[in-house]
Amino acid sequence: MNNIFSSTAVRTCLAIVSAAVATGCRTEVPAVVASVDPRGWDKPVTLIVDNRDTVSERSVSIVLRHGAECDSLPLRIEVSLPDAGHYGERFVVYPSRRRPSSVPVTERFPYRDRSVLSESGYYLFTISPLVPVSGVEAVGVEILKEQ
């Protein structure tokens, strides 16, 4: 009796499904976010952005999910490029004032406009608070095409 599920047919089907899944996974994610300790964020967070678009102008924002009660939050942002280049700088965000018992909000803070990530590969964004802060639940980077 012939088996309609021959090993060649199964391998062909698996190859087609794998190619379809791999192609679907190549879409760019506009934001990369990581959780931090809301009782006291004081450690660096490294976010990995897989860049494939080396020509489009994009806006880069820092994203915070917080219920923090502070007027300003100084950060250190370091960016490692795919070619091993590296730069860093101080960047201050001004979260909206929140009461400690209020529901956390997600805020975006413009970091760079009209940026072109000219290298294909992995960009590492390391974000560190320069002073410990409580109430921050998550930190991230959002990269969107300019309209």
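Basis of the calculations
- Residues numbered from 1 in each chain as written.
- Predicted model: local features only at pLDDT ≥ 70, side-chain atom pairs only at ≥ 80, totals over all residues.
- Heavy atoms only, no water.
- Pairing = 2+ DSSP bridges.
- Helix = DSSP H or I, 4+ residues; strand = E, 2+ residues; numbered from the N terminus.
- Phe/Tyr/Trp six-rings, centres within 6.5 Å; stacked < 30°, edge-to-face > 60°.
- Buried < 20%, exposed > 50% of the residue type's maximum accessible area, 1.4 Å probe, protein only.
- Lys NZ or Arg CZ within 6 Å of the ring centre and 35° of its normal.
- Salt bridge = Lys/Arg side-chain N within 4 Å of Asp/Glu carboxyl O.

Asks: I would appreciate a short explanation of the pairing of strand β4 (residues 73-80) in the present structure.
Replies: One face of the sheet, then the other: side chains in a regular strand alternate in exactly this way. In this structure, β4 lies alongside strand β5 (residues 86-93), joined through 8 bridges in antiparallel fashion. The partner of P74 across the bridge, within β5, is V92. Where β4 folds back onto β5 in an antiparallel hairpin, the turn is made up of 5 residues, including A84, whose phi is positive at roughly 80 degrees. The sheet contact formed by β4 and strand β7 (residues 121-129) spans 6 bridges and is antiparallel.

Asks: Whenever I open this one, the packing of aromatic side chains confuses me. Can you help?
Replies: Where two aromatic rings form a pair, the distance of their centres and the angle of their planes describe that pair. Applying the stated criterion across every chain, the model contains 1 aromatic pair. With a centroid separation of 5.0 Å and 85 degrees between ring planes, the pair formed by F91 and Y111 is classed as edge-to-face. Highlighted residues: F91 in strand β5 and Y111 in strand β6 (residues 105-115), separated in sequence by 20 residues. Y111 carries the same exposure label as F91, and that label is buried. Residue placement shows R112 over the ring face of Y111; its charged tip is 4.5 Å from the ring centre.

Asks: When you look at the pattern of salt bridges in this model, what are you seeing that I'm missing?
Replies: Where side chains of opposite charge bring their charged atoms close, a pairing between them can arise. Applying the stated criterion to the full structure yields 9 salt bridges. Here R52 ties to D50 by a salt bridge, and the two come within 3.0 Å at their closest N and O atoms. Its relative accessible area of 33% is what places D50 among the partly exposed residues. In this structure, D53 and K145 form a salt bridge, with 3.8 Å as the shortest nitrogen-oxygen distance. One end of the pair, D53, is in the loop between β2 (45-51) and β3 (58-66); the other, K145, is in strand β8 (residues 136-145), with 92 residues separating them in the sequence. On the basis of relative accessible area, D53 is assigned to the buried category, the value being 11%.

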